[in-house]
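# Observations on the model geometry
Spelled out, the chains give:
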Amino acid sequence: MFSGFGFIDILVSEITMVIGALIFLLCGTLLIFKRKTLNSSQKALVVGGLVVTAIYLAFIIYLVVMWG
C-alpha cells in the first residue's frame, strides 16, 4: 500500500492554488496593460501561462463544486 505525498496532493494544496491564482492575475494584468510593449514571443508565453492557469483554476472549481 502506497501512502506518500502524491501528485494530487500537490495540485490541491493551498499554496499551489494561491500561486496559480497569482500567476493568472499577473498574466492577465500583463496582457491588459503591457500588450503593446511585449514582443510576440513574450505574448505567447504570457498567453500560455494564462491558459494553463485558467485550466488549473477551472479544475479546482470543478472539484469544489462536485465534491464540496
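Residues numbered from 1 in each chain as written. Predicted model: local features only at pLDDT ≥ 70, side-chain atom pairs only at ≥ 80, totals over all residues. Heavy atoms only, no water.

## Observations regarding the overall build of the chain
Secondary structure assignment for the chain yields three helices and zero strands. The order of helices and strands in the chain, counted from the N terminus, is α-α-α. For a compact globule of 68 residues, the expected C-alpha radius of gyration is about 11 Å, and the chain comes in at 15 Å, more than 25% above that figure. For the chain, the spread of C-alpha atoms along the three principal axes comes to 55 × 25 × 15 Å. (Helix = DSSP H or I, 4+ residues; strand = E, 2+ residues; numbered from the N terminus. Rg over C-alpha atoms; globule rule 2.2 N^0.38 Å.)

## Notes on a nonpolar patch on the surface
Where nonpolar side chains cluster on the molecular surface, the patch consists of Ile8, Val12, Phe59, Ile61, Tyr62, Val65, Met66 and Trp67 and spans about 830 Å² of accessible area. When residues of the nonpolar patch are assigned to their parent elements, the largest contribution, six residues, is made by helix H3 (residues 40–67). Looking at the element boundaries, Trp67 is found in helix H3. (Patch = residues over 30% accessible without salt bridge, like charges linked within 9 Å, V, L, I, M, F, W, Y side chains within 5 Å. Areas by Shrake-Rupley, 256 points an atom, 1.4 Å probe, with all protein chains shown as cover. Salt bridge = Lys/Arg side-chain N within 4 Å of Asp/Glu carboxyl O.)

## Observations regarding the packing of helix H2 (residues 14–33) against H3
In contact at an axis separation of 9 Å, H2 and H3 are set at 140° when each is read in the N-to-C sense. Taken together, H2 and H3 sit at an angle that is classed as oblique. The two elements H2 and H3 cross, and the hand of that crossing is left-handed. Between H2 and H3, the residues in contact are Thr16, Met17, Gly20, Ala21, Ile23, Phe24, Cys27, Gly28, Leu30 and Leu31 and Val46, Val47, Gly49, Leu50, Thr53, Ala54, Tyr56, Leu57 and Ile60, respectively. Residue composition of the contact of H2 with H3, grouped by class: 14 nonpolar, five polar and no charged. (Axes fitted to C-alpha atoms, helices over the stretch in contact; angles between N-to-C directions. Parallel < 35°, antiparallel > 145°, perpendicular 65-115°, else oblique. Left-handed = near helix turned anticlockwise from the far one by under 90°. Contact = heavy atoms within 4.5 Å. Nonpolar A, V, L, I, M, F, W, Y, C, P; charged D, E, K, R; others polar.)

## A closer look at the packing of aromatic side chains
A ring pair, where both rings are aromatic, is described by two values, the distance of the centres and the angle of the planes. Counted according to the given criterion, the structure contains one aromatic pair. Seen from their ring centres, Tyr62 and Trp67 are 5.9 Å apart, and the 90° between their planes marks the pair as edge-to-face. (Phe/Tyr/Trp six-rings, centres within 6.5 Å; stacked < 30°, edge-to-face > 60°.)

## Let's talk about H2
Helix length check: H2 (20 residues) gives 28 Å between terminal C-alpha atoms against 28 Å at 1.5 Å per residue, within 8%. Looking at H2, one finds that the buried residues are Gly20, Cys27 and Gly28. Buried residues along H2 cover an arc of 95° about the axis, so they all sit on one side. Seen from the open side of H2, the exposed residues pointing more than 90 degrees away from its buried face are Glu14, Ile15, Leu22, Leu25, Leu26, Ile32 and Phe33. Residues of H2 that are buried make contact with H3. (Expected span 1.5 Å × (residues − 1). Buried < 20%, exposed > 50% of the residue type's maximum accessible area, 1.4 Å probe, protein only. Arc of directions from axis to C-beta.)

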